[in-house]
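Here is what each chain is made of, one letter per residue.
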Amino acid sequence: QVQVAESGGGLVQPGGSLRLSCAASGGTFNTYAMGWFRQPPGKEREFVASINWSGGNTYYTDSVKGRFTISRDNAKNTVYLQMNNLKPEDTAVFYCAAAPRHPDVVYHTYEYDYWGQGTQVTVSS
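Keep in mind that what you see is a predicted model, and the values were worked out from it rather than measured.

Asker: Is there a simple way to think about the state of the cysteines in this case?
Answerer: Disulfides are covalent bonds that link the sulfur atoms of two cysteine residues. Summed over all chains, the structure comprises one disulfide. A sulfur-sulfur separation of 2.0 Å characterises the disulfide bridge that pairs C22 with C96. One disulfide, between C22 and C96, carries an S-S torsion of -85 degrees and so falls in the left-handed class. Here the residue C22 occupies a position in strand 3 (residues 18–25), and C96 occupies one in strand 9 (residues 92–99), the gap between them amounting to 74 residues. We classify C22 as buried; its relative accessible area is 0%.

This is the structure:
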């Protein structure tokens, strides 16, 4: 099994930045896609970004393009989400997920098999 754990969430003012980290273990990290999802208060979980096995291909939901960057360091078994120009509507629990059945970019919830516990991101003045 693959285990993932998020960290780096917190409280930030609008326009600020945060970098989330996701440490993975229990699998061959450099062979599968990774993704970030988020769940705002009172809403369903939604896709944010994904990255393929090597980090060469990425995909983002429209609302975060130009503001968020997903990356991975296969030597450290870690994926990152750099979030800039944060907005109050970005407030959510952010989840990291692993898709060991898929080496390339994926963006559907059902394509991910392993999920972290989530880290809270709150954007407020």
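Text resumes after the structure shown.
Asker: Hey, could you run me through the packing of aromatic side chains in this one?
Answerer: Centre-to-centre distance and the angle between the planes together describe a pair of aromatic rings. Counted according to the given criterion, the structure contains eight aromatic pairs. Centroid distance Y59 to Y107: 5.1 Å. Interplanar angle 35 degrees. Geometry classified as tilted. Remark: Y107 occurs in the loop between strand 9 and strand 10 (114–115) and Y59 occurs in strand 6 (residues 58–60); sequence separation between them is 48 residues. We classify Y59 as partly exposed; its relative accessible area is 36%. Within the aromatic cluster, the residues linked to one another by ring pairs are F37, F47, Y59, Y107, Y112 and W115. In this structure, R72 packs its charged tip against the face of F29, placed 4.3 Å from the ring centre.

Asker: Sorry, what's going on with the nonpolar core here?
Answerer: One recurring pattern in soluble globular proteins: nonpolar side chains tend to sit buried together. The biggest cluster of nonpolar side chains holds 28 residues, and the ones touching the most others in it are M34, W36, L81, M83 and F94. Going through the elements one at a time, strand 3, strand 4 (33–39), strand 5 (46–51), strand 7 (68–73), strand 8 (78–83), strand 9 and strand 11 (119–123) are the ones with two or more residues in this core. Residues A33, A97, A99 and Y112 belong to the second largest nonpolar core, which totals seven residues.

Asker: In this structure, what is going on with the pairing of strand 7? I would like to understand it.
Answerer: Regular strands show a simple pattern: their side chains alternate between the two faces of the sheet. Burial of strand 7 is one-sided: the residues F68, I70 and R72 facing one way are buried, the residues T69, S71 and D73 facing the other way are not. Across six bridges, strand 7 lies against strand 8 in antiparallel orientation. In the strand pairing of strand 8, I70 is matched with L81. Count of turn residues in the strand 7/strand 8 antiparallel hairpin: four residues, of which N77 carries a positive phi of about 50 degrees.

Asker: Help me out: how do you make sense of the sheet that holds strand 3 in this one?
Answerer: Two strands in a sheet stick together by hydrogen bonds in their backbones, pointing the same way (parallel) or opposite ways (antiparallel). Ordered in space as 1-3-8-7, the four strands form an open sheet in which the pairing is antiparallel. Every other strand in the sheet has two partners, leaving strand 1 (3–7) and strand 7 as the edge strands with one partner each. Between one strand and the next, the sheet's axes are offset by a mean angle of 15 degrees, whatever the strand orientation. Here six bridges tie strand 3 to strand 8, and the two strands are oriented antiparallel to one another. Pairing of L20 across the sheet is with L81, part of strand 8.

Asker: Could you clarify how one ought to interpret the environment of K65 in this entry?
Answerer: Here K65 is to be found in the loop between strand 6 and strand 7. Judged by its relative accessible area of 47%, K65 falls in the partly exposed class. Along the primary structure K65 and A49 are separated by 16 residues, whereas in three dimensions their C-alpha atoms are 9.2 Å apart.

What counts as what
Residues numbered from 1 in each chain as written. Predicted model: local features only at pLDDT ≥ 70, side-chain atom pairs only at ≥ 80, totals over all residues. Heavy atoms only, no water. Disulfide = S-S within 2.5 Å. Helix = DSSP H or I, 4+ residues; strand = E, 2+ residues; numbered from the N terminus. Buried < 20%, exposed > 50% of the residue type's maximum accessible area, 1.4 Å probe, protein only. Phe/Tyr/Trp six-rings, centres within 6.5 Å; stacked < 30°, edge-to-face > 60°. Lys NZ or Arg CZ within 6 Å of the ring centre and 35° of its normal. Core = buried A, V, L, I, M, F, W, Y, C linked by side-chain atoms within 4.5 Å. Pairing = 2+ DSSP bridges. Axes fitted to C-alpha atoms, helices over the stretch in contact; angles between N-to-C directions.

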